[in-house]
Amino acid sequence: MPVEADKVEDRNDALTPYQLPFPQDAAEEIVIPQAIATDERIWVPQSENVSFRPLCLNASQGYWMNLLRVRKSGVLSRHRHPQPVHGFVLKGRWHYLEHDWEAREGGYVYEPPGETHTLVVPDDVTEMITYFQVNGVMLYVDPYGKTMGYEDVFSKIEMCRNHYEEVGLGAAYVDQFIR
């Protein structure tokens, strides 16, 4: 029976934790106290001024959530998303060449399936950080749609394993983000 949202539980019941066992095969939650890492080893480089910080790499459902950090203005990549993407700008701003809007600090962006765009960080932005949830694959394309490369949750995991091994955290460091 649904509970009405405006009903207030008895204070004693409201402060009582859930009393039944959690599902035996449920994955563990991920809690990251300092998501915007100050330890540079946590940031996985993608190019000279572009890196990402994994938050959740969901291999069973094919999506990933990360912080994308760009530390220099310019064009990042042209890419297509066959599935939806969600973004929330934490620092700085950016836009797509194909659109007239700008994603600014505190702003949310929904990118529908089939969207192809070219991410640009403006000249006066010294650092941009955006939280992205990417579903499925990200296809890198030329201006005419020819696929030049791709990323998916598995390539992200491999990039993390290689980087974390190289910086001394160990390849298994990424396991805490994989579900």
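The rules behind each value
Residues numbered from 1 in each chain as written. Predicted model: local features only at pLDDT ≥ 70, side-chain atom pairs only at ≥ 80, totals over all residues. Heavy atoms only, no water. Helix = DSSP H or I, 4+ residues; strand = E, 2+ residues; numbered from the N terminus. Contact = heavy atoms within 4.5 Å. Phe/Tyr/Trp six-rings, centres within 6.5 Å; stacked < 30°, edge-to-face > 60°. Buried < 20%, exposed > 50% of the residue type's maximum accessible area, 1.4 Å probe, protein only. Lys NZ or Arg CZ within 6 Å of the ring centre and 35° of its normal. Pairing = 2+ DSSP bridges. Axes fitted to C-alpha atoms, helices over the stretch in contact; angles between N-to-C directions.

Draft legend 1. A look at the side chain of T118. Mapping T118 onto the fold places it in strand 9 (residues 115-121). When residues no more than four places from it in sequence are discounted, the contact partners of T118 are V75, S77, R78, H95, Y96, L97 and E98.

Draft legend 2. Seen up close, the packing of aromatic side chains. Within this structure, the stated rule accounts for 7 aromatic pairs. With 4.8 Å between their ring centres and 70° between their planes, Y164 and Y173 make a pair best called edge-to-face. Y173 sits in the partly exposed class, given a relative accessible area of 23%. Between Y173 and F177, the ring centres sit 6.1 Å apart and the planes meet at 70°, which makes this aromatic pair edge-to-face. The buried category is assigned to F177, whose relative accessible area is 2%. Above the ring of F52, the side-chain terminus of K156 is found at 3.8 Å from the ring centroid.

Draft legend 3. Expanded view of the sheet that holds strand 10 (residues 128-135). Taken together, 6 strands build an open sheet; the order of strands is 1-2-3-10-5-8 and the sheet is antiparallel. Since the sheet does not close on itself, it has two edges, and those belong to strand 1 (44-47) and strand 8 (108-111), each with one partner. In this sheet, adjacent strand axes meet at a mean angle of 25° when their direction is disregarded. Pairing of strand 5 (residues 85-91) with strand 8, which is carried by 4 bridges, proceeds in the antiparallel orientation. Paired with V85 across the two strands is E111, which belongs to strand 8. Seen against the sheet, helix 2 (residues 153-166) touches strand 1, strand 2 (50-58) and strand 3 (63-70) and runs at an angle of roughly 120° to strand 2.

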